[in-house]
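Summary of structural features
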Amino acid sequence: MAMTLIWCAMASAALVCGVMNGSLDTVSQAVAEGAQSAVTLCLSMAGMLCLWNGVLEVMDRAGLTAVLRRLLCPLLRRLYPAFQDDALVMDAVSANVCANLLGLGNAATPFGLRAARGMAAHSGGVANDSLCLLVVCNTASIQLLPTTVAALRAGAGCSAPFDILPAVWFTSAAALAAGLGAAALLRRVWP
């Protein structure tokens, strides 16, 4: 609701300023160009996201995501020891991590929600340490292929949308390390 009011106020202010300055033609031209570029960006992002979601589906059907889950299992069992015997929660967490590794936050969200529901069911609806850690790991996920950002860059006309890989790898690893460190510290402060 608040964002609707803010956007309406900004649009109204632009129109009022355009009328007062005698540049209403410029304002209406900017509106038309902005709408056109928004549609172009959405279509290019949709294409890229469909491609990578398709790649994730092919990986899943070929059994590669199961291989990734098995590789991640020892790490995830150490991060979530309370749920290491709950196959449904661990599968959802593994799928969430796999989707995040591919930079597919939109595909990772349903798996994260499924894992969160499973974790919350075991704690009476109260956020336990594992659930908080899931939120931290999902938010500061390591992305091997930042496909959503690459789609945004490609839609904006970038000729090499994946040239940001080293920076993404470093910052996502640093964010995850900081998040895990903060979670460990807060777990000791508030047991």
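Being a predicted model, the structure only gives us computed values, none of them experimental.

Scanning the entire structure with this criterion turns up two salt bridges. Between Arg187 and Asp129 there is a salt bridge whose closest N-O contact spans 3.5 Å. With Arg187 in helix H8 (residues 165-189) and Asp129 in helix H6 (residues 129-139), this pair connects stretches of sequence that are 58 residues apart. The class for Arg187 is partly exposed, based on a relative accessible area of 35%. The class of Asp129 is partly exposed, set by a relative accessible area of 42%.

Another point: the side chain of Ser172. Its place among the elements puts Ser172 in helix H8. The class of Ser172 is buried, set by a relative accessible area of 9%. From its side chain, Ser172 meets the backbone oxygen of Val168 in a polar contact 2.8 Å long. Non-local contacts of Ser172, meaning those with residues more than four positions away in its chain, are made with Ala140, Ser141, Ile142 and Gln143.

What counts and what doesn't
Sequence order as written defines residue numbering, which begins from 1 separately in each chain. Where totals are concerned, whole chains, interfaces and linings use all residues; where local detail is concerned, this predicted model gives features only for residues with pLDDT of at least 70, and gives and counts side-chain atom pairs only at 80 or more. Remark: hydrogens and water are excluded; side-chain values derive from all non-hydrogen atoms of the structure. The term salt bridge refers to a side-chain nitrogen of Lys or Arg lying within 4 Å of a carboxyl oxygen of Asp or Glu. Only DSSP runs of H or I with at least four residues qualify as helices, and only runs of E with at least two residues qualify as strands; both kinds are numbered from the N terminus onward. Only protein chains enter the calculation, and the probe is 1.4 Å; a residue is then buried if its accessible area is under 20% of its type maximum, exposed if over 50%, and partly exposed in between. Each polar contact in these results corresponds to two N or O atoms within 3.5 Å; when the atoms are within protein, one needs to be able to donate a hydrogen and the other to accept it, and residues that are neighboring in sequence are counted only if both atoms are side-chain atoms. Whether two residues touch is decided by their heavy atoms; if any such pair falls within 4.5 Å, the residues are in contact.

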